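Residue-level listing of the chains:
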Amino acid sequence: MLASNGKPFSFDKSEINPSRKKSSIKHTVLDVVIFLLTSLGYILQAIYFQLFGKPTKDIRDDVALVTGGGGGLGRLLAMRLTKLGAKVVVWDINQDGIDETVKIVQSLGGFCKGYKVDISNREEVYKCADQVREEVGEVSLLFNNAGVVSGRALLDTPDHLIERSFNVNIIAHFWTTKAFLPSMLERDHGHIVTIASLAGHVGISKLVDYCSSKFAAVGFDEALRIELEYMGAHGVFTTAICPYFIQATGMFDDVNSRWVPTLNSNDVADKIIDAVRKNEKYAIIPGYLQIMLAIKWIFPWGCNSGFLRRLVPDATPQHAVTPVTTPTGAKLSGDAHPLASGSADNNNTKTSPLLVHRLSTGERVL
């Protein structure tokens, strides 16, 4: 490289300011010491909480919004939230499911209002968020619970279903969070809950699109938490929920799971509410799987692969699928049906039992 005078450029080490260099080293050492002492404090705090329990927060009169609240886990969360005194708002694409959830919650003596919303539609989310603010109030507890799954090998999964998985399972989180986070920051009070999955930490065959979207959901939660801490928003919390397969939710009832039993949906709902009230950062359900996740990066890939392939030999539901015929004469089955991607059924086609299980956007699996 040539200097402005045309001669080869040379760097004179003597030009370095010794005092500045020493100051930089001091700051680095001081920063490391502060980090280590702070980390020790967090470790001691964690041990204390482990021994004596964590304090729980009161959510009475908070407005809690649950996406996918028209059934399954979303409905169970709505019921528990109302018992704790929160005002509940449910979003879903299934109007019948919404009506049923509202009826159940109101029978418990709580406040519940439902809205039919396709959360994959950004404008629809923003519009309904404004409506919720006007009719109910500012949302302080956001449960991003809605999720969909195709349950097919990657090369057998239609493109629109891959897009649907990402639109509902992760992209929608951006829209709902952007809609309600500003008021949480303004009041320095709020909680954003991401119902992710253990599939957000490990890969499973026939769930490539699902696992990918849930990995993104886990990353979304962690990055958002770091950003909130950087902003000094000490009163706004985030929690990532990562459960194993859940029983009796209609999506993966026939999953072939070995060694680890599938989870009772009521137990999962209880653990989620408990984690939120304690401001937990993560909730791995069941808890002992945290150890398996911790050693994932220690063992060779062959060990991990062999374990996962034996743990879940087949994650695809075994329901029989009845083909349906579109107006164009094309035969579709399973998630290839337009309803599986959330479009309205205006064709009077007869759907299979499998499709009925997959219509609600409520979280169903892993």
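Computed from a predicted structure; not experimentally measured. (Residues numbered from 1 in each chain as written. Predicted model: local features only at pLDDT ≥ 70, side-chain atom pairs only at ≥ 80, totals over all residues. Heavy atoms only, no water.)

## Details of the confidence of the model for the protein chain
Detailed reading of the predicted coordinates is not advisable wherever pLDDT is low. Of the residues in the protein chain, 79% have a pLDDT of 70 or more, and the chain-wide mean is 81. Within the model, the stretch residues 319–366 combines pLDDT values under 50 with 111 contacts to residues more than four positions away or in other chains. (pLDDT = per-residue confidence, 0-100. Contact = heavy atoms within 4.5 Å.)

## Considering the pairing of strand β5 (residues 190–195)
A large share of β5 lies buried, amounting to 6 of its 6 residues. Side chains G190, I192 and T194 of β5 all project onto a buried face; the interleaved residues H191, V193 and I195 project onto the opposite face, where all are buried too. Bridge count for strand β4 (residues 141–144) against β5 is 4 bridges, and the pairing is parallel. Across the sheet, the residue bridging to N144 is T194, located in β5. Since β4 and β5 lie parallel, the crossover through helix α5 (residues 159–187) that links them has a hand, and here it is right-handed. Sheet topology places β5 next to strand β6 (residues 236–243); 6 bridges connect them, and they run parallel. Paired with T194 across the two strands is A240, which belongs to β6. Regarding topology, helix α6 (residues 208–231) serves as the crossover connection from β5 to the parallel β6, and that connection is right-handed. (Buried < 20%, exposed > 50% of the residue type's maximum accessible area, 1.4 Å probe, protein only. Helix = DSSP H or I, 4+ residues; strand = E, 2+ residues; numbered from the N terminus. Pairing = 2+ DSSP bridges. Right-handed = clockwise from strand over helix to strand, strands pointing away.)

## What about the packing of aromatic side chains?
Enumeration according to the criterion identifies 4 aromatic pairs in this entry. Considering the side-chain rings of W91 and F180, the 6.0 Å spacing of their centres and the 50° angle between planes classify their relative orientation as tilted. Placement of the pair is W91 in strand β2 (residues 87–92) and F180 in helix α5, with a sequence separation of 89 residues. Among the residues examined, W91 registers a relative accessible area of 0% and is labelled buried. We classify F180 as buried; its relative accessible area is 0%. (Phe/Tyr/Trp six-rings, centres within 6.5 Å; stacked < 30°, edge-to-face > 60°.)

## Quick notes on unusual backbone geometry
Note: most residues except glycine have negative phi, and most peptide bonds are trans. Cis geometry marks the peptide bond from I285 to P286, where omega comes out at 0°. Within the chain, N279 stands out as a residue other than glycine whose phi angle is a positive 55°. If you trace the backbone, N279 turns up in the loop between α7 (265–277) and β7 (282–285).

## Notes on the side chain of T194
As for its placement among the helices and strands, T194 is situated in strand β5. Excluding residues within four positions of it along the chain, T194 makes contact with N144, H173, A217, F220, D221, T239, A240 and I241.

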